[in-house]
Amino acid sequence: MSAAMTSSEIRSKHRAIAPSRGGRPWTFYALAALFTFYVVALYGPMICIYILSFQDVRGGLVFPMKGLSLHWFIDLFTQVRTGDVKGAFDRSIKLAILVTIITVVVSFMAALAFRRRFPGDNIVFSLMIGSLVAPGLVLGIGVGLLFNALGIETSWYGSALGAQLSWTLPFGVLVMFAVMSRFNPAWEEAARDLGATAWQRIWLVMLPVLAPGLVAVALFGFTLSYDEFARTLQTAGPQNTLPLEIWSMTLNVTSPSLYALGTVTTIISFLIIAAALGTIAWIQRRRGARAGMR
Amino acid sequence: MTLSRPLVSWLFVSPLVLVLIPFFVLPILVVLVASVFETDGFGGLIPTFTLANYAEVLTSALTFNLYFETIKFTVLTWFFTLILGFFVAYFLAFHVRNPLLAIGLFLLCTVPFWTSNIIRMISWIPLLGKEGLINSALLRVGLIREPLGFLLYSSFAVVVAYVHQLTIFMIVPIFNSMARIDKRVVEAAFDVGASRFDILRLIIVPLCKSGIALGSIFVVSIVMGDFFVTKVMSGGGSASVVGAFYEDIGVLQYPSAAASAVLLTVILMVAVSLILRTVDIRKEIAR
């Protein structure tokens, strides 16, 4: 969604609602306080559990900190009682990569189609919105029952993959809509006039221009899958994904292992976010450098 | 190219349709079919048409309570995320003068969206618990003598967790709408003497309608379709429609669970289409 806004939109921001000359109106201070409160409430609790996950063996679920060690991280990956965390990590990341690739390709294609009206486009669009808002658990059970009726075993790479796509694809297409709306059709026309074929127009004009938006879609695909819970619960089959593992831990593990798992999975999320933002920045900079050469 | 335009469009959209049919349309139909079957009591379905499951669901007082609780949480969460999300977006769009800073602060708000919801929910436990940070701080200051019990495992905690998770779904679309508002309109209103409140009421809110609608769809559908936050954060004190559905599945009561699921899905779809009637989302996003 962050890709939906571009710097050109923000450019005129200095002429703010409040006169930009002189002092700030009182609303600025009130809203600044509200914003600060929001950010503190957003990050505060998360930071608490990251800190608490570094306690030693005497550690409990609340402050004060008892000692400082990596005990609970080791516990997480070695104890049987916490389940197969390593395997769940492995599966979740593989599944997220699969979902990401499919989401990027399919959303891009669908967004290309939706640029023009075509017979039945409203039906496809309504199906997509329906799939986005349908209760995840209900959909998951439906997929489970369907696979059951067809005699196919549920598995994380089959039924769960499909169930997750029914949620990441509508999201991806909506983000693609926002990305596409910034694409100037004149560029494609120019390419057509110069004799580019339909494939060349997509490969050589659209894809490079839309690359940052596609990275944003990939970020959505990966993280929505990596954290998906409700749709996966009844479709993952015998082997758990990571959110399911965390869920079973919240119900029966009352040690800082749970927090350690939270810290580890958040580090992975942050790495993914940083990689995505870094890629976008790299594309933009390379573009800027090229433009500067001319 | 010899292919006709609609055919090309369908070719491009076909992968999406090929996922949506087996993983959205068919599963919902399966649930619909299961809801009119009889159960043999052991998890098996007997294919005879009956509306008894619906009669059972619609007449039980339990259903009424479940829906009441779920709708209560939905309305509370919607209200608080809307107020908080609207003013956070308003602050970023109209009060932060440096555009780069505005984008930076906006990204700061979106980062947690990409981390695990479950982890973000349980992270309230060390804060809100009886021995949590808030209670011990209040005790130390001397404001209270006994730890406050209502902070965790209560309706309060459920709403806190939902608002914490979902405010971002309001901020992003509303901020997007606000960024498109022509600042000259606002300045003109200011120059002819409109008060700040009038500008908010007569210009900003109407122009943010699509953002508000989009955010509301996300928040309402996620809260109504969720059971996990209610289950954990209420400590078992509150139930939700989907939670009861999950319990039913656990004891293999597929038909009544399916009837309840169909009812919920219908209510959700009606709510979403009512919101969609106020605004053409597809046109708004692609604008």
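Quick caveat, the model's predicted, so the values are computed rather than measured. (Residues numbered from 1 in each chain as written. Chains lettered and ligands numbered in written order. Predicted model: local features only at pLDDT ≥ 70, side-chain atom pairs only at ≥ 80, totals over all residues.)

1. Considering the overall build of chain B
- Looking only at helices and strands, chain B features 15 helices and 2 strands.
- Each of the three principal axes of chain B carries a C-alpha extent, and together these read 80 × 70 × 30 Å.
- Evaluated residue by residue, chain B yields a buried proportion of 47% over its 287 residues.
- Restricting the contact set of chain B to residue pairs at least 6 apart, pairs at least 24 apart contribute 72%. (Helix = DSSP H or I, 4+ residues; strand = E, 2+ residues; numbered from the N terminus. Buried ≥ 20, exposed ≤ 12 C-beta atoms within 10 Å, placed from the backbone. Contact = placed C-beta atoms within 7 Å.)

2. Regarding the overall build of chain A
- Looking only at helices and strands, chain A features 12 helices and 0 strands.
- Of the regular secondary structure in chain A, the N- to C-terminal order runs α-α-α-α-α-α-α-α-α-α-α-α.
- Looking at the 294 residues of chain A, the share that counts as buried comes to 45%.

3. Structural notes on the nonpolar core
- Ranked by size, the top nonpolar core spans 164 residues in total, and within it A:Leu219, B:Ala89, B:Phe175 and B:Phe245 carry the most contacts.
- Element by element, the count of residues in this core is highest for helix α8 (residues 155–179) of chain B, at 17 residues. (Core = buried A, V, L, I, M, F, W, Y, C linked by C-beta atoms within 7 Å.)

4. Here's the deal with the packing of helix α11 (residues 209–225) of chain B against helix α14 (residues 254–277) of chain B
All names here are of chain B.
- At a minimum axis distance of 10 Å, the contact between α11 and α14 shows a crossing angle of 170 degrees. Looking at the two axes, α11 sits roughly antiparallel to α14. Where α11 approaches α14, its residues Ala213, Ser216, Ile217, Val220, Ser221, Met224 and Gly225 are matched on the opposing element by Leu264, Leu268, Ala271, Val272 and Ile275.
- Its residues assigned to classes, the contact of α11 with α14 comprises 9 nonpolar, 3 polar and no charged. (Axes fitted to C-alpha atoms, helices over the stretch in contact; angles between N-to-C directions. Parallel < 35°, antiparallel > 145°, perpendicular 65-115°, else oblique. Nonpolar A, V, L, I, M, F, W, Y, C, P; charged D, E, K, R; others polar.)

5. Details of helix α1 (residues 5–34) of chain B
All names here are of chain B.
- Its 30 residues give α1 an end-to-end C-alpha distance of 40 Å, which sits within 8% of 44 Å, the value for a rise of 1.5 Å per residue.
- The axis of α1 is deflected most strongly, by about 45 degrees, at Val13, and proline Pro15 appears within four residues downstream.
- Among all positions in α1, only Ser9, Val13, Leu16, Val19, Leu20, Phe23, Phe24, Pro27, Ile28, Val30, Val31 and Ala34 are buried. (Expected span 1.5 Å × (residues − 1). Bend = angle between axes of the 7 residues up to and from the residue.)

6. What about unusual backbone geometry?
- For B:Tyr153, which is not glycine, the phi torsion reads 55 degrees and is therefore positive.
- Along the chain, B:Tyr153 falls in the loop between α7 (133–141) and α8.

7. Topic: the packing of helix α5 (residues 121–133) of chain A against α1(B)
- The contact between α5(A) and α1(B) brings their axes to 10 Å, and the two run at 45 degrees. Judged on the interaxial angle alone, α1(B) and α5(A) are oblique. Between α5(A) and α1(B) lies a crossing whose hand is left-handed. Only B:Val13, B:Leu16, B:Val17, B:Leu20, B:Phe24 and B:Val25 of α1(B) make contact with α5(A), whose side of the interface consists of A:Val124, A:Leu127, A:Met128, A:Gly130 and A:Ser131.
- Counted by class, the contact of α5(A) with α1(B) contains 9 nonpolar, 2 polar and no charged residues. (Left-handed = near helix turned anticlockwise from the far one by under 90°.)

8. Describing the confidence of the model for chain A
Residues and elements named next belong to chain A.
- Residues at a pLDDT of 70 or more form 89% of chain A, whose mean pLDDT is 82.
- Confidence, expressed as mean pLDDT per element, reaches its minimum in chain A at helix α1 (residues 7–10) with 42 and its maximum at helix α4 (residues 85–113) with 91.
- Of the regions scoring below 50 in pLDDT, residues 1–16 engages in 39 contacts with residues more than four places distant in sequence or in other chains. (pLDDT = per-residue confidence, 0-100.)

9. Thoughts on the interface of chain A and chain B
- Between chain A and chain B, the contact holds 88 residues from the first and 87 residues from the second.
- Looking at the side of chain A that touches chain B element by element, the count peaks at 15 residues for helix α2 (residues 26–52) of chain A.
- Residues belonging to the side of chain A that touches chain B are distributed by class as follows: 63 nonpolar, 19 polar and 6 charged.

10. Focus on the environment of B:Gly215
- Positionally, B:Gly215 belongs in helix α11.
- For B:Gly215, the contacting residues outside a window of four places in its chain are B:Gly85, B:Phe169, B:Met170, B:Pro173 and B:Ile174.

11. Overview of helix α3 (residues 71–78) of chain A
Residues and elements named next belong to chain A.
- When we look at burial in α3, the residues that qualify are His71, Trp72 and Leu76. Viewed along the axis of α3, the buried residues span an arc of 135 degrees, placing them on a single side of the element. With respect to the buried face of α3, the exposed residues turned more than 90 degrees away are Ile74 and Thr78. (Arc of directions from axis to C-beta.)

12. Describing the confidence of the model for chain B
- Summing up the model confidence of chain B, the mean pLDDT is 85 and the portion of residues at 70 or higher is 95%.
- Mean pLDDT across the elements of chain B ranges from a minimum in helix α15 (residues 281–286) of chain B, with 68, to a maximum in helix α3 (residues 61–95) of chain B, with 91.

13. Focus: the environment of B:Ser35
All names here are of chain B.
- Along the chain, the position of Ser35 falls in the loop between α1 and β1 (38–39).
- Taking the C-alpha atoms as reference, Ser35 lies 9.9 Å from Leu45; in sequence the two are 10 residues apart.
- Those residues within four positions of Ser35 in sequence are excluded, and the remaining contacts are Asn53, Pro255, Ala258, Ala259 and Val262.

14. Structural notes on the environment of B:Tyr153
Residue and element names in this part refer to chain B.
- Take Tyr153: there are 20 C-beta atoms within 10 Å of it, and that puts it in the buried class.
- On a C-alpha basis, the gap between Tyr153 and Gly237 in space is 7.4 Å, while along the polypeptide they are 84 residues apart.
- Non-local contacts of Tyr153, meaning those with residues more than four positions away in its chain, are made with Met233, Ser234, Gly235 and Gly237.

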